[in-house]
Each structure stands twice: as structure tokens, then as C-alpha cells.
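# A look at the structure
The primary structure of each chain is shown beneath.
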Amino acid sequence: MASSGQSAVLVASVTALEFLGDEFLLTGEGPILSVYSLQTSPTKCASLNVLQNFRIHGIRPRTKPQSEERQPNTIISSEGSVWNEEERLIVFGGKGVRLITFSSQGQCLKPSGPLFELQDWVLDIHWLEGEPHTRLAVSLAHNALLLLEAESGNVLCFYSCVETCLLYSALIIGSNWDSLVLVGGTVFNQLVLWRPRGTKSDGQSQVERRLLGHSGVIFNLCYLQKAGWLASASDDRSVRVWNVGSLGGDAGCGEKLPTCLRVLYGHQARVFCVRLTPTRVFSAGEDGACLLWEWEGEGKVGRTFRGHRSGGVRALAVSEGNMSCGGGWVATGGADGEIRVWRVAQENKKDEEEAQVDLGFKARGCPKVIRLVGEGTDVKTLVCTDQGEVCVSQSQIWDVIWQGGADFHSYCVMEVTSIQKFSSVVRICAVGNINGGVQVFPVGQPDVGVLLQAGHGKVHSVLWVKSVFDGCEGLCLLASGSEGMVYRWKIGVLESETGLQIEKKILPPFLLPPCAKRWLTAAVALSHKEGLYLCGDRRGSLLLYQRNDQRNKDLKETENRQQRAEQEKLNKTENTISVKENIDPLSPISTLFGVHGKQGVTSVCEHQGVCYTTGRDGCVRILTIEEKVLTVRRIQRACRGMDWLEKVLFLNSHRPELEERVEEREEVTHHESIAEARFVMVGFHSINFVIWDPHRQEKLLSVSCGGGHRSWVYRLPTHTPTHPQPNMLVQGTLVFIKHGAVIASRSLASTEADVNGQTLKEGFHGRGIGCVQRLGCLANASSELWEVFVTGGEDTIVSVLAIKPQSGTVKVLAVLTDHISNVRTLATVKRGEGNESGMDESTSALSSMVFSAGGRAQLQCYRILIRLDELRDQPVCQVTQIAGHRLDEQWERKRNRHKTVKMDPETRYMSMAVVYDGKECVLLALGCSDGAVRLFSVTESNRRIEMLWECFYHQRCVLSVTAHMLKDSQGKDLLLLFSGTTDGCISVWDLTAVLNSKARVSWQGPTAPIFSIPVHQSGVNTLALSQWRVPGQTEENLISLASGGDDGQLSLLHVIVKQEQQENGDVSLELRSHWSVPLAHSSPLTGLCSISPDLLVSTSPDQRMCLWSVSSDGLMDPQKVLFSHTADAAGLWAWSEAGSGGGAWVVVCGQGLQLFKLTQGDMDKQNNAVRQKGEERRKVMFSNRFLKT
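Residues numbered from 1 in each chain as written. Predicted model: local features only at pLDDT ≥ 70, side-chain atom pairs only at ≥ 80, totals over all residues. Heavy atoms only, no water.

Counting its regular elements, the protein contains 6 helices and 89 strands. Taking all 1189 residues of the protein together, the buried fraction comes to 59%. Pairs at least 24 apart in sequence give 54% of the contacts found in the protein among residues at least 6 apart. For the protein, the exposed surface amounts to about 49000 Å²; the carbon and sulfur share of it is 46%. (Helix = DSSP H or I, 4+ residues; strand = E, 2+ residues; numbered from the N terminus. Buried < 20%, exposed > 50% of the residue type's maximum accessible area, 1.4 Å probe, protein only. Contact = heavy atoms within 4.5 Å. Areas by Shrake-Rupley, 256 points an atom, 1.4 Å probe, with all protein chains shown as cover.)

What follows is the structure, given as C-alpha cells:
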């Protein structure tokens, strides 16, 4: 019985993009050609594997014949051409070329011929016009040109240049074979132009033009025919635009002395792609940015498109159809596998957006506090000055609506809120002064305000909180006074014949814990926990208060008597009231002291029953309240350098718009309650106001405003009118105070699609994926499966993925960014819900502990819960941080650490294995780069990670570890640890004693292994264990240990573990057999996994995945070899499929991710598949002596 396999899902770099008009986008990802429809809601409509083992690098739709009418601004590039609704495409990459037919009506792809495999790499292909048959001009990597029949694959002509140097890029220009011009970017950083028509008798052509200037190789070329411009993108981080004149036909190679018109420097890394339009230049590169260069003004950057993770943009396409007359598409494909499209409008629109507008503030004094009120287009700016005046502006006309007395001069704090009153919205303003006074008034009728007294000292802050009083929503005003007292009032608005009136009611104050800076900075009333308030103070603490309802009832009669007795006095003193001395303040029932550092808490909010807090420590803390105790579930950090966070904005799950507050659902099902909200972080990075998306790891907005030490307000971006008025303050605007002026940023006065683009395909790790683990699978009501994985990469990110093999859908459930260096190894343990045994039975929920480790000797532990959302039919994820550990943590806490010797900062955890999974703790073994084998204990209950043992026996890097537990003859557990090092040796350690929890505290651990054997010539990269039972030998246990090394060798050891123990208590091991396959792979073997005791699967950077059968005597026979499109394969994970159908799944990670399904079939079917694959592939032979006929 042989096995066959097929690729189910592939996530790889997007290396080719091409528009078909404005309706469709063609993409190349590995060998797969996909089509996305851009009409209405962009969706994927077709996909086909066209190049088999080659990666797509170019897609060429057939252009219009020269005799037909062409648009005036024809663009020809090395990655695209004009589409005239022709359904025939030529796709190429590597040495492969294939003709494809696309049906726009049926929206399907089908091959129009076999795959042609040439003898050299293909850099560019050009459709030729006026030929009786479909013919192609093919540019080859060794500076040669080929005439090829598209249907038959026959080579008609072959020309080469005298300079047979290697080309990094090429561009074919011309309408027919006799008038072609080839532009090549050589390995010597030059651009050479030559024509086949200038061929000598020996079939070689001379270089007619040579363009010098680049200091790096040229990756991409683009030619604008009408203007005669040639653009080149280079390794030297620059884009150059050349005036070469008309190329092709009678013009030949154009200008005799081409000149360089522009040298564009703006990228921070290599530039991979360039495109030209009549007024703009588009470029994209390794820095992950796509730059739009305005041709006017010596080529400045007019706009920057970002959205891809590390790894950069590898493909770029521009739909030129409507670019010059109002709009078009720009598409980018990244190394992270993500595809994004942007709408690009008229040339001057972005200049208007980016201009910062002075709102022309004119009033007595300087502005101190700024707020915005209003909805939609009716937005007003509210400013409080240092002279105690509150001014309002609309359309740059400023009016003073309220003026305070001398107590409000030089110092004031202000907050504004709104309340729904019948059919209208009433906006209420509160202003605090330096002597404890708080003036509360409606913005529309400031003369009916009341003056409240918050003690006798400075009012540090005023906060509005929407709370529930007697089953109805109302407003609660909090004012932080002196000595840590927070005064509270219930504020209401009444309507009378004379207008609005302010209703107030005294509430028990809050008392802050003793500390410096005792005032509140943020507060929220929890809707899912009635009577609870979550507050944050300037010291960085989080405080939980509970409303005392009984105390409020007792105070009700007292308040009525006091109000009747002092009614006249209140009328004569401007309605002034104060908190009575007999009201006892409320103390917090739960406190997280200084959790956000000494710079304070900046915001607290509640969303779908979960609390989110931000602070000036650069962290967002996600909290839950269990039995009235605050518990931090997870900490998320912003980008490096963004230490000042102000708040979070939640992303609506149904529309891709930002919303500041989402109304709670009346009914939240149990399955939906675990879903974590998508949010973005708002804060400051140096002098810039920044919005950061932690899920995509990208900046959505950056506005230079001078920093966070100023009053500011941000309006959320939503869809705006097509032609906004010049002075209209639209949503999506940052308004701030700078140098005594009120300034508005118009950079967000556009639709959300224009600002952030639309994501056609979601990607993840931009750099290499170093490890992958499977958590399990989820099944919905229709028995469709979601496979759930966790991956770690070189970009320091741990991702939780859900893959639907039936449709190829990949969904990123969570992104964990706690590592400060690359993630090299992962381990998982099943917990709680789902399948405890770890077998392949599908469930509706999964719960696991996930451990990640890597660079800087950092270890992290998470609890991950995943369930199916029945309404959306997709998984949702909840992440709880358990603990983290670093070897240098103690050194970091020392005050004079600069005087002491630190541990090696380059220590890395290379491999990790779960040694023991107990109810109280989990034991982890880690192989380290400093030559140590370390054992850690992880306790979930108290959230601690402790190191129990370390041994430096190996004295060299430990590349791999794995553990195995078995029973002895008396039924006792035996625990063995296997380690592989860079010298090719495999060692076995006896860790049985650590299983005794009572003796674990005093356990010293072994000082040397009990067994060691040299297996490989160099490093042992991976180990795979399985247990064998030898028939008739019940007194012995046989362990099958497979290993893969840097030498490409696959080895298999059969080790006997003696059931009887020696006198000293040590376990006895004996090597029974040793088998090896010396050249199992042509490069280092990096991934090895045991599907069953008699079946192994291995992978390597040679991009082969091999399936091995293991006989009872240890012989290994290759069963199947599959080609993997995952470059630089770093690891794999395999598991058998449950059910009667059998088979297995294998996932390979590296520069991307690929999921394979292995099925069992007979040898005849396998041979037929191989034979059919050979018929679809045809080699094209040619010689450099083949001349024109």
C-alpha cells in the first residue's frame, strides 16, 4: 500500500499581481494563480495551480493589437500591461511558462496547454502582434531572447547578446519580433539596451545603450511609452527615472544619450517594484511601504501605503484605466502572503488631506483644554482658556458661551458629555478650578448651570461616567479633590417652561489609597457588574469600587432635610452645594497598585464584558473581574518607542470602521463570550500622534503634533462626503493645541478604504516561520473542519491560526507579541475543554496551554481557548497570559547592574519538550545555545515559572530535546529526556526523580547522561520518538528514536530500556540497532515527525517532503516524495486522520506555510498520477547557436 499526497492550503509570498481593467485582480502565490473580483465587495472567484513546482513571477494578459485604438497613456512594464478584456493569459516563473484562459463571465481559470519548462530562467514575456499564430517573445536570465509558439512550445528563433552576463530583471518593448528592444538590468548594476535586429552573423547582438548610475542590482523595470520614460528599482534603495525616448520599431533603442530625470530616495531598504503613470511614480520594497511619488516638485513622496508585515512588498500593480481622470486601484502583495488594494484619487486630494489647518482661535487668553461636540457634519470645537472662558467654534467663528470668575483663571480642567433627552441630545460641560469649584452647565444654555464644591483644594480632574441608577441610565460626575478624595454627583437634565435645568444629587465619594499623585485619570461604570466602578489614577493603579446602595437609602432622608433647611441659602450663593462631612467615603474593594507604572493610567473602558486599560507604560491590559477581584488576563504592547498610550478604539466586527463605544448585545451566547475584541491603540510616539494596530503590527496613522503634553481630541474616521467643504471639521480629524493655536489635521478626511486599504487576503508572519504546533480541530454542524495551529517566527510573533482545508481559508485568531527576539520553539498541552487525549476527534471547543521560547532566553506561557462562533461559522479565540520568564530577570532588577557581569545575552532556547503534564504543574525541558539543558516548572494557579535544574554537560549548543515516559515492570513511571547537540551526539537523561513532587524542591538533577552515542557528522536538528513492543518480550521496552541532522542524514535507533533497575537506582539502556539513510535530503534535515510507529515524514530546505516506512527491524524505505513550495523549511507537524478513511495531514513551515493531505492508495493509481503529471509538462530545448531563419 503506497501513499499519495496533495497540497490543501498554501500561504506563501505574493510574487505577482496584475489588474484586468478595474474589475479583476490576478495574483500569483507560489504556483497558484488566483482571481479576485473588485466589484462591490472584493472576493476571490477562481484559483488554479498552473506552474506545479515553479513560483509565479509574472502574469501577462494579451494586449490589444497595434491596429486597434489604444488609450493615450499606454503603460508597459516588466510585471504588467494593458488589458483589453482578452481572456488569454501567459503565466511564468522560474523556468516554467503556461498559457491560461480566464472566463470573466464564468469566473473560472483553465489551462490552454501544457506547462513548458525552458532551459533558462524566464524574466519577461511579451505578446507579439500581427503573427498568424500566438507567439511570445521570452527574455532569459542570461541576456538572451527567445521566440516561442504559445500553443506548441516550439522555439522559432533564439538570439543572445554579446555580453552574456546574468540579468536580475528584463523588459521587452515592441509590437513585433523585428522591432523588439530588450532592456536588461545586469549583475554589474547597469541597464543595457539591445535589439535582435542588430544581430551579427553568429547570432549575437551588440549593446546599443548603457545606463549607469545605480550602485546595486536592478530588480524591476517599467516603461511609459507616451513620455519615453524608463524607471528602474534597485538594491541601492533608489528609483531612477530615465528619459530614453521612444523604444522599438523605427526608433530602435531611443535617445543616443539617455539622461536621468529623477533619482528618488525614500525607501529604507531594497526597492523591488516600480510602476509609472503620466504624473506619478509608484515604488514598493523590502521596508513594507509603497510610495507614491509626485512628479512635480522634484519628486517628493505624495503618499505612503503601508500594511504589510516585515519581509516587505514583493509585488505591485496599478490599474491605469482611470488614474489620470479621477481614480484607480493600487495593489500590493507582501512576503507575509497578504494582498491589499487602495483607491487612488486625484492628484491634489492628498495635499489637501495632509495639510494642517489653523482653526483661527480668537479669544481672551490662551487655549488650555479642547474638546469636540456634535455629530456628523455638525461638529463644534469647545475650548477653555486660561482666563476662565469657554469658547465654541463652528466654521472658524468663535463665541464665548461661559465666563468664570477669578477662581477659574490660570488653571482649569474641562470635560464634556452628552445625554439623550426625549428626541434631542443635550451636551453638558463640567469645568473645575483651583479652589474646589466645579461648574456644570448645558452647552446650549450655560446660564442655567450650577456650581458644585469638591472640597477646598485644587480639582485635579473631572470625569463623566455613564452609570445605571434605579434601572435607568444616568450621568455621574467625578471630581478629584485634595487628599485623595473623589467627589461624586448624579447629574440630570430637566425641561421646564423656562428651558433646561440641572438636577444634582450627592453620592458617596471615593477615597484613593495613600500615594503620591492621588487623583483619578479615568473611570468607567461596569455594565455587566452592576454597582461596580473601575478607576485608574495618576500613580498607575487600577481600583475597583462598589456602590453602597444601602448607604444611599440611609442618606436619602438626611439629604432631603438638609436641602429644605438650606434652600434659601443655596439660592443666594449661586446654587453652591458641598459634600457633607457625615458621608463616609468608599474605599476600593480590589486594587492593582502601580500596574501601569508611575506615569499613570490614561483610560479605562468596558467592551463586551471585558475591561481594557491603557497607560503611559506603553501597554494595554485586558482584565476580568472574578468574585469582585481584578485579574489581568493579557498584556499587549504597542510598537517600540510608543510608550504613551491614551486609549483603545474598537473595530466593529461587521464593518471595517473604528468605533469608540459598541453597544452591548442584549443576549450574548456562551460561545461568543470568549471572543476577544479587535482594537487599535491610540497614543504618542515621540512628537507624533499614532494609531497602531497590534493585530496587523502596523501604523494606521501618524500625525506630527508635537507630542502628548497638550490637550487634543480625535474624531473617528468614517465615510465622508465625496467633496467635503474646505473649512468643514469632518470626522476622522485630530484637533490639538500647539503654540497657542488650535490646529486640525485633515489627514483622515477620506474613506477608511483610502486610508488603510482593503485586505483581499490576510497574511501573517512576514519573515520565516521557525516552528508550528497543532492544537486540534473544530467541527461545525455541517461537519466542516477548522484545523487550529500555533506558529512562531523570526518576527518575534506567535500567531494562532485556523485553517479550513475544504476552502483553503486561513484566519488569524490571535497575535502574541511578548517576545523581544525570534521564536524558535513551541510546545502545547491539552487543557480543560475539548479533546483531552489529543487524538483527532473533532470538537466544538479547544483549550490548551501554549509555551513559546526563543532568543534572549525568553519563555512565555499562555492559556488559549478556542470555540466556534455559530453565528459567523468561524472560530474565535481567547488568550490568557499565564507567566513569562527570562534568565537575566534577576540581573535586570539590580541597581548597579552595569558593574556586574551579565549572562550571555545571546543565549537562545533552541528546542523545548513537555516532560511531565501534571495537575499542579507542567515540567518543560529546554535545549539552550550556551550548552545547557534546563528544566522549568510552570504553575498555572499562581502564574509562576521556576527553573528547577540546569546542566552544562554538553559544552556546546543543544539543538533538540524530546521526552518519553514509560512504565517499568512494577508499574512505576520512568522519565527519559533525549538531547541532540551540534557535535552529532544524542544523549539520554534519567529524570525519573523529578516526578516526586515532595522531593522536587531539594532535587539536584543528574550531572551526566546515562547514555550517549554519536549519530551524525554535525548538528542533530530534530528528534522523533515512538515506542515499540517486541513480541514475546514483555519484560523489555523498545524505543524507536529517529533523528535528522545538518548532514542531511536520517537515522533510526532502537534502544532497549531494561525494566529492572540497577543497584544504584539508575535505568539501563542498550542499543539494539542503528540504521541510517546518508542522503535522505540534499540539505540539512530540519523537520521530522512520527505519524505512527511505522511511518515517518521529514522535510528540508531542499523543498522536499519525504514519507518513510519503517519495518520492524529498523529498515527505512522511501514511500513518497512531495515538492513543498515553502522555502527554507524549518519544521513540520504531522498527525493521523481519525475515521475509517485513514490518511494523515502534514503542515510544513518556513518562508510560509503549506498543509498537505496524505491519502492511502495503491501503486497503480500513484503511477498513473505521475504519468499524467508528466504529460502536462513538456521540456523546451534550444541552443545558443539557433539562428534566425
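That was the structure; now back to the text.
The next thing to look at is the sheet that holds strand E3 (residues 24–29). Hydrogen bonds between backbone groups are what pair the strands of a sheet, and the pairing can be parallel or antiparallel. Spatially, E2-E3-E4-E5 is the arrangement adopted by the 4 strands of the open sheet, whose pairing is antiparallel. Edge strands, defined here as strands with exactly one partner in the open sheet, are strand E2 (14–20) and strand E5 (43–49). The mean angle between the axes of side-by-side strands here comes to 20°, regardless of whether they run parallel or antiparallel. In this sheet, strand E4 (residues 32–37) lies alongside E3 in antiparallel orientation, the contact comprising 6 bridges. Of the residues in E4, the one forming a bridge with leucine 25 is tyrosine 36. (Pairing = 2+ DSSP bridges. Axes fitted to C-alpha atoms, helices over the stretch in contact; angles between N-to-C directions.)

Among the surface-exposed residues, Trp121, Leu166, Tyr168, Val187 and Phe188 lie close enough to one another that they form a single nonpolar patch of about 480 Å² accessible area. By the secondary structure assignment, tryptophan 121 is in the loop between strand E11 (115–117) and strand E12 (122–127). Among the residues examined, tryptophan 121 registers a relative accessible area of 44% and is labelled partly exposed. (Patch = residues over 30% accessible without salt bridge, like charges linked within 9 Å, V, L, I, M, F, W, Y side chains within 5 Å. Salt bridge = Lys/Arg side-chain N within 4 Å of Asp/Glu carboxyl O.)

The next thing to look at is the side chain of arginine 633. Here arginine 633 lies in strand E53 (residues 629–637). When neighbours within four sequence positions are excluded, arginine 633 is seen to be in contact with Val610, Ile622, Leu623, Thr624, Glu676, Gln878, Val879, Thr880 and Gln881.

Here we come to the packing of aromatic side chains. Taken as a whole and assessed by the stated rule, the structure comprises 23 aromatic pairs. Here the aromatic rings of phenylalanine 305 and tryptophan 342 are separated by 5.2 Å at their centres, their planes lie at 55°, and the arrangement is tilted. Residue phenylalanine 305 is located in strand E28 (residues 300–306), and its partner tryptophan 342 is located in strand E31 (residues 339–344); the two are separated by 37 residues in the primary sequence. Here phenylalanine 305 falls in the buried class, since its relative accessible area comes to 3%. Its relative accessible area of 1% is what places tryptophan 342 among the buried residues. With centroids separated by 5.6 Å and ring planes inclined at 70°, the aromatic side chains of tryptophan 949 and tryptophan 989 adopt a geometry described as edge-to-face. In this pair, tryptophan 949 is assigned in strand E74 (residues 944–951) and tryptophan 989 in strand E77 (residues 985–990), connecting sequence segments 40 residues apart. Taking the relative accessible area as the measure of exposure, tryptophan 949 reaches 4% and is therefore buried. Assessed through its relative accessible area of 0%, tryptophan 989 is described here as buried. Joined through ring pairs, the aromatic side chains of Trp644, Phe684, Phe689, Trp712 and Tyr714 make up one cluster. (Phe/Tyr/Trp six-rings, centres within 6.5 Å; stacked < 30°, edge-to-face > 60°.)

Here strand E60 (residues 734–738) lies mainly inside the structure; 4 of its 5 residues are buried. In this sheet, E60 lies alongside strand E59 (residues 712–714) in antiparallel orientation, the contact comprising 3 bridges. Paired with valine 713 across the bridge in E60 is valine 735. Taking the residues between adjacent antiparallel strands as the criterion, E60 and strand E61 (residues 741–745) are bridged by 2 residues, where histidine 739 takes a positive phi near 55°.

Sites flagged by UniProt as "repeat: WD" (unreviewed entry) map to residues 211–244 and 264–294. Regarding residues 211–244, the helix share stands at 0% and the strand share at 59%, and the terminal C-alpha atoms are separated by 10 Å. Here residues 264–294 is 0% helix and 65% strand, with 11 Å between the C-alpha atoms at its ends. (UniProt positions renumbered as here; feature names shortened; annotations may be inferred.)

Quick look at the nonpolar core now. Membership of the largest hydrophobic core comes to 26 residues, with the highest contact counts inside it found for Val438, Val440, Leu477, Trp489 and Ile491. Listing elements by their share of this core, those giving two or more residues are strand E37 (413–421), strand E38 (424–432), strand E39 (437–442), strand E40 (450–453), strand E41 (461–469), strand E42 (472–480), strand E43 (485–496) and strand E44 (499–511). It is E43 that contributes the most residues to this core, 5 residues altogether. Contact partners of leucine 477, with chain neighbours within four places excluded, come to Ala430, Val438, Val440, Leu452, Val462, Leu463, Trp464, Tyr487, Arg488, Trp489 and Ile491. Judged by nonpolar contacts, the second largest core, of 22 residues, contains Trp786, Leu826, Ile864 and Cys877. (Core = buried A, V, L, I, M, F, W, Y, C linked by side-chain atoms within 4.5 Å.)

The residue serine 960 is located in strand E75 (residues 958–967) in this model. Within the structure, serine 960 has its side chain in polar contact with the backbone oxygen of valine 1020 (distance 3.1 Å). In contact with serine 960, other than residues within four places in its own chain, are Ser911, Phe978, Ser979, Gly980, Val1020, Asn1021, Thr1022 and Leu1023. (Polar contact = N/O pair within 3.5 Å; in protein donor to acceptor, adjacent residues only side chain to side chain.)

The next subject is the environment of lysine 421. Following the sequence through the fold, lysine 421 ends up in strand E37. In this structure, the C-alpha to C-alpha distance between lysine 421 and glutamate 495, residues 74 residues apart in sequence, is 8.9 Å. Those residues in contact with lysine 421 that lie beyond four places of it in its chain are Val426, Val493 and Glu495.

Moving on to unusual backbone geometry. Here the phi dihedral of glutamine 52 falls at roughly 55°; this positive angle occurs in a residue that is not glycine. Inspection of the secondary structure puts glutamine 52 in the loop between E5 and strand E6 (58–61). Residue glutamine 52 is classed as buried on the basis of its relative accessible area of 9%. Within the chain, serine 410 stands out as a residue other than glycine whose phi angle is a positive 70°. Secondary-structure assignment places serine 410 in the loop between strand E36 (397–403) and E37. Serine 410 sits in the exposed class, given a relative accessible area of 60%.

Of all 11 residues in strand E63 (residues 769–779), 10 are buried; the element is thus mostly enclosed. Both E63 and strand E64 (residues 785–793) contribute to a ladder of 9 bridges, which runs antiparallel. In the strand pairing of E64, cysteine 777 is matched with glutamate 787.

What follows is about the sheet that holds strand E49 (residues 590–592). As summarised here, the arrangement of the 4 strands in space is E45-E46-E47-E49, forming an open sheet in which the pairing is antiparallel. Each end of this open sheet is capped by a strand with a single partner; those strands are strand E45 (520–525) and E49. The mean angle between the axes of side-by-side strands here comes to 20°, regardless of whether they run parallel or antiparallel. Across 3 bridges, the pairing between strand E47 (residues 542–546) and E49 is antiparallel. Residue pairing in the sheet places leucine 544 in a bridge with serine 590 of E49.

In this model, the protein carries an average pLDDT of 83, and 82% of its residues clear a pLDDT of 70 or more. Long-range and interchain partners of residues 1162–1167, a stretch whose pLDDT sits below 50, account for 6 contacts in this model, where long-range means more than four residues apart. For the stretch residues 1185–1189, pLDDT sits under 50, and the model shows 12 contacts to residues farther than four places along the chain or on other chains. (pLDDT = per-residue confidence, 0-100.)

Counted according to the given criterion, the structure contains 26 salt bridges. Residue lysine 761 pairs with glutamate 29 through a salt bridge whose shortest N-O separation is 3.1 Å. Of this pair, lysine 761 sits in strand E62 (residues 758–761) while glutamate 29 sits in strand E3, and the two are 732 residues apart along the sequence. According to the relative accessible area criterion, glutamate 29 is buried, its value standing at 10%. A salt bridge links glutamate 117 to arginine 1177, with the shortest nitrogen-to-oxygen separation between them at 3.1 Å. Within this pair, whereas glutamate 117 is found in strand E11, its partner arginine 1177 is found in strand E89 (residues 1177–1179), the two being separated by 1060 residues in sequence.

Moving on, we get to the environment of valine 50. Summarising the element assignment, valine 50 is placed in the loop between E5 and E6. By relative accessible area, which is 0% here, valine 50 ends up buried. Considering only alpha carbons, one finds valine 50 and glycine 28, 22 residues apart in sequence, at a separation of 9.7 Å. If sequence neighbours within four positions are ignored, valine 50 has contacts with Pro31, Leu33, Ile56, Val91, Arg98, Ile100 and Leu115.

So, about the environment of arginine 767. When you line up the elements, arginine 767 lands in the loop between E62 and E63. Separated by 383 residues in the primary sequence, arginine 767 and glycine 1150 place their C-alpha atoms 8.6 Å from one another. In this structure, arginine 767 is in contact with Ser310, Glu794, Asp795, Gly1150 and Gln1151, ignoring residues within four places of it in sequence.

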